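Observations on the three-dimensional arrangement
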Amino acid sequence: MTAPQHLARPHRPRRLLRILLPALIILGWLVAASLGGPLFGKVDEVSSNDRTAYLPSSSDSARVQELQTRFAGSDEIPAIIVAASDKTLTDAQRTALSDAVAATTDIEGVGEDVSPALPSDDGKAVQAFVPIRSGADLGDVVPEIRTSLEKAAPDGVHIYITGPAGFSADLVAGFAGIDGILLGVALAAVFVILVLVYRSLLLPVVVLMTSLFALCTALLLVWWLAKWGVLLLSGQTQGILFILVIGAATDYALLFVSRFREALRVENDRAKAVLAAWKGSFEPILASGGTVIAGLLCLLLSDLKSNSALGPVAAIGIAFAMLSALTLLPALLMAFGRAAFWPRRPVYAPEIVAAEGGMPSSGVWARLAELIRRRSRVIWIATTLVLALGTAGVLQLDASGVPQSDLVLGSSQARDGQKVLGEHFPGGSGSPVQVVVAKDSLQRAADALLADKGIDGVTVTAKDSPSGSAPVTKDGVQPVGRPGTPAPDPTVVEGDVMLQGTLTAAADSTTAEDTVRRLRTSLEGTGAVVGGVTATAIDTNDASLHDRALIIPVILVVIMLILMMLLRAIVAPVLLIVTTVLSFGTAMGVSALVFNGILRFPGADPAVPLYGFVFLVALGIDYNIFLMTRVREESRIHGTREGVRRGLAITGGVITSAGLVLATTFAALAVIPILFLAQLAFIVAFGVLLDTFVVRSLLVPALVHDVGRAVWWPSKLSRAER
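About the thresholds
Residues numbered from 1 in each chain as written. Predicted model: local features only at pLDDT ≥ 70, side-chain atom pairs only at ≥ 80, totals over all residues. Heavy atoms only, no water. Pairing = 2+ DSSP bridges. Helix = DSSP H or I, 4+ residues; strand = E, 2+ residues; numbered from the N terminus. Contact = heavy atoms within 4.5 Å. Axes fitted to C-alpha atoms, helices over the stretch in contact; angles between N-to-C directions. Left-handed = near helix turned anticlockwise from the far one by under 90°. Nonpolar A, V, L, I, M, F, W, Y, C, P; charged D, E, K, R; others polar. Buried < 20%, exposed > 50% of the residue type's maximum accessible area, 1.4 Å probe, protein only. Expected span 1.5 Å × (residues − 1). Lys, Arg positive; Asp, Glu negative; His and termini not counted. Salt bridge = Lys/Arg side-chain N within 4 Å of Asp/Glu carboxyl O. pLDDT = per-residue confidence, 0-100. Phe/Tyr/Trp six-rings, centres within 6.5 Å; stacked < 30°, edge-to-face > 60°. Patch = residues over 30% accessible without salt bridge, like charges linked within 9 Å, V, L, I, M, F, W, Y side chains within 5 Å. Areas by Shrake-Rupley, 256 points an atom, 1.4 Å probe, with all protein chains shown as cover.

1. Observations concerning the sheet that holds strand β4 (residues 158-162)
Ordered by their spatial adjacency, four strands build an open sheet running β2-β3-β1-β4, and the pairing between neighbours is antiparallel. If you trace the sheet from one side to the other, it starts and ends with β2 (118-119) and β4, each paired once. Here strand β1 (residues 77-84) runs beside strand β3 (residues 125-132); their pairing, made up of eight bridges, is antiparallel. Along β3, the bridge assignment pairs Ile77 with Ile132. Along the sheet, helix α6 (residues 163-174) makes contact with β1, β3 and β4, crossing β1 at roughly 95°.

Shown next, in the form of structure tokens:
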């Protein structure tokens, strides 16, 4: 007998809503992704890899950079051209090289003020300075200059391009694979893992679709914010954004799909199953993403703009990763239902689920949970000792900074050119120390530069007089100018002047850094500010060390407070933070041994430990959140110790899969030949695996099981009878 028509009508709007709402959500994400997708190849239009752009505005090198255009007449980036031969260059060869250098002004992006080719003392090399306009694409201009000079170079003469423009061009080339290779490798690796996890072809596509749509939409917002000058973007930030969004969105999707699979076994209606999955995963996903966002936003406290810029950019990515997992993924699963799992569709079997007590009775995680129940104290003590032993390697980590020439892995034209430059000219040629000083203190500043053993020669340029410069000797300033132009005479100029000191050592060497630090000490009291390539590296490293000491404790406090609110306890969050920090120390210790003993890296940037901490602690806490929210849920019904056993058995598979996905995505950063990203890739990938297979699987459940219900103190759960 059919139901009366008036009783059936109220269900029609509900059925329509079940179709219309998911369709609108999918359409909205599709539109946003279609707008953001085309921007993948255009990020370089709104990004910069210039280190001075990220310095604290109060630093000396940033102030000198700001003032430089008032002395040089422009903010052009110098490229140092070095032409060298095994034999003494003839007059004809030097003339040909000079003509070739002069002809580079015909190349788009090259400034007009190209220097003549200056011979070395040994006669086997010449150097020249070619200014490149600040708005030009160094990745295009520098190779074009090299090609032009190589065609015109006499036989037996080798051409090198080094200096600030050369090294920046190498960085641009290193980051060139971010839009293609990095993203392709990360997505392919994640797809393979998802196929192995789900043994399905459709579900991995659905999960990757949510991740890719989240990335496209995040990129859409980030790109326009960078275009409007609200955010700073670099190749480094771009690479981290891509990996972070793909990894986090996939992790959140894995958790949601796991809940959806559970719900399908007790719910025959796909809509009810989606709703049950949403209710079960909303809190852990929100808490997990919120923890990562809070940790990332702590980077806003950084003095270094490269750090403070990463915070909001990555936070935007995580926000869209959460949003896609809680909106787009449910809509897609609502559309596909059980078919998403084909050919291993979950069977509707509420009687079997009830008989199993809602948890697997066999399998690796069930057996491990039982082992922890019987040997919890032995397990957590042994695990802690092993992790503590691994932290010893931290003492071997050299994170005081690396030379600019070592930032790019593999071959480097600029690095080769710098080596040749040092063989024939003062090592710091083309990248001088720049000292801006008031006219009244000019002589004292000049004397300080001339007296320093690290300075080979000094020139002076007056403000707003870019027509020429004057050499400085111990007898004073000798005004000279370029042919046909008057040189600035410091005896009559008003205001500030700039002294430029040629370094005897390469600008990115520790010897050059020692020279700049000595000069800053000797110039105290004169009001002089010291800048240049070397000073920029010093100020960057100093700012990174300051950031590390400030931000790491702040992140710990912020995450601790979030965990306390989530778990409604104090003891459990403290234990989770301690275990995560121990895991981080072990990851850094092992990484230091690998970097020094196996990979033979020259050192590490001071920001490497900071970034490693941000990602490992914030993301490592994710897995503890996934575990402990389920343990707390089970503890309310079955008691704490049984809750630990059930929570580990239920979440073990999905959290391990999430850890493998995140480790794989971060490992993909290693395909970009940049030292910083290669080191970050290893640290985070190894640390995530350590968190997944040791800390979350053994240490945390064994420790919580041993502590018992007191872990929930001071909440009511700590006083429960079970």
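From this point, things continue past the structure.
2. Re the packing of helix α8 (residues 202-227) against helix α11 (residues 305-336)
Packed helices, taken two at a time, are described by the angle their axes make and the gap between the axes. Direction vectors running N to C along α8 and α11 enclose 145°, while the axes themselves pass 8 Å from each other. Our pair here, α8 against α11, has a crossing hand that is right-handed. Here Leu202, Leu203, Val206, Met209, Thr210, Phe213, Ala214, Thr217, Ala218, Leu221, Val222 and Leu225 of α8 come into contact with α11, specifically with Val313, Ile316, Gly317, Phe320, Ala321, Ser324, Leu328, Leu329, Leu332, Leu333 and Phe336. Residue composition of the contact of α8 with α11, grouped by class: 19 nonpolar, four polar and no charged.

3. Here we look at the pairing of strand β5 (residues 433-438)
Along β5, five of the six residues are buried, which leaves the element largely enclosed by surrounding structure. Here β5 runs beside strand β9 (residues 496-503); their pairing, made up of six bridges, is antiparallel. Residue pairing across strands places Val436 opposite Met498, the latter belonging to β9. Pairing geometry for β5 and strand β10 (residues 529-531), over three bridges, is antiparallel.

4. Side note on α6
Along its 12 residues, α6 runs 17 Å from first to last C-alpha, staying within 8% of the 16 Å computed at 1.5 Å per residue. If you check which residues of α6 are buried, you get Gly163, Pro164, Ala165, Gly166, Phe167, Ser168, Ala169, Asp170, Leu171 and Gly174. On its buried face, α6 sits against β1, β3, α5 (138-152), β4, α14 (413-424) and α17 (533-567).

5. Let's talk about the side chain of Glu513
With respect to the element layout, Glu513 can be found in helix α16 (residues 510-522). Salt bridges are absent for the buried Glu513, whose nearest opposite-charge side chain, Arg517, sits at 5.2 Å. If we skip the residues at most four places from it in the chain, Glu513 touches Thr534, Ala537, Ile538 and Asn541.

6. Details of the confidence of the model for the chain
Predicted confidence across the chain gives a mean pLDDT of 85, with 89% of residues reaching 70 or more. Predicted confidence is poor over residues 1-10, with pLDDT under 50, and the contacts of this stretch with residues over four places away or in other chains come to zero contacts. Counting interchain partners and residues more than four positions distant, the pLDDT-below-50 stretch residues 477-494 has 36 contacts.

7. Let's talk about the packing of aromatic side chains
We describe a pair of aromatic rings using the distance from one ring centre to the other and the angle between the two ring planes. For the structure on display, the rule yields 13 aromatic pairs. Taking the centre distance of 5.4 Å and the plane angle of 70° together, the rings of Phe40 and Phe242 count as edge-to-face. Residue Phe40 is found in the loop between α2 (11-36) and α3 (60-72), and its partner Phe242 is found in helix α9 (residues 235-266); the two are separated by 202 residues along the sequence. Relative to Phe626, the ring of Tyr623 lies with its centre 6.3 Å away and its plane at 70°, an arrangement referred to as edge-to-face. Of this pair, Tyr623 and Phe626 both sit in helix α19 (residues 607-638), three residues apart, which is roughly one turn of the helix. The same class applies to Tyr623 as to Phe626, namely buried.

8. Examining unusual backbone geometry
Of note, the bond from Trp342 into Pro343 is cis; its omega dihedral lies within 30 degrees of zero at 10°. For Pro343, the location among the structural elements is in the loop between α11 and α12 (350-356). Here Arg199, not a glycine, exhibits a phi torsion of approximately 50°, which is positive. Structurally, Arg199 is set in the loop between α7 (178-198) and α8. Exposure remark for Arg199: the relative accessible area of 52% places this residue in the exposed category. One non-glycine residue, Arg568, adopts positive backbone phi at about 55°. Assessed through its relative accessible area of 41%, Arg568 is described here as partly exposed.

9. With respect to a nonpolar patch on the surface
Together, Leu20, Leu24, Leu27, Leu30, Val31 and Leu35 line one region of the surface with nonpolar side chains, adding up to about 550 Å² of accessible area. Summarising the element assignment, Leu30 is placed in helix α2. The exposure class assigned to Leu30 is partly exposed, which follows from its relative accessible area of 45%.

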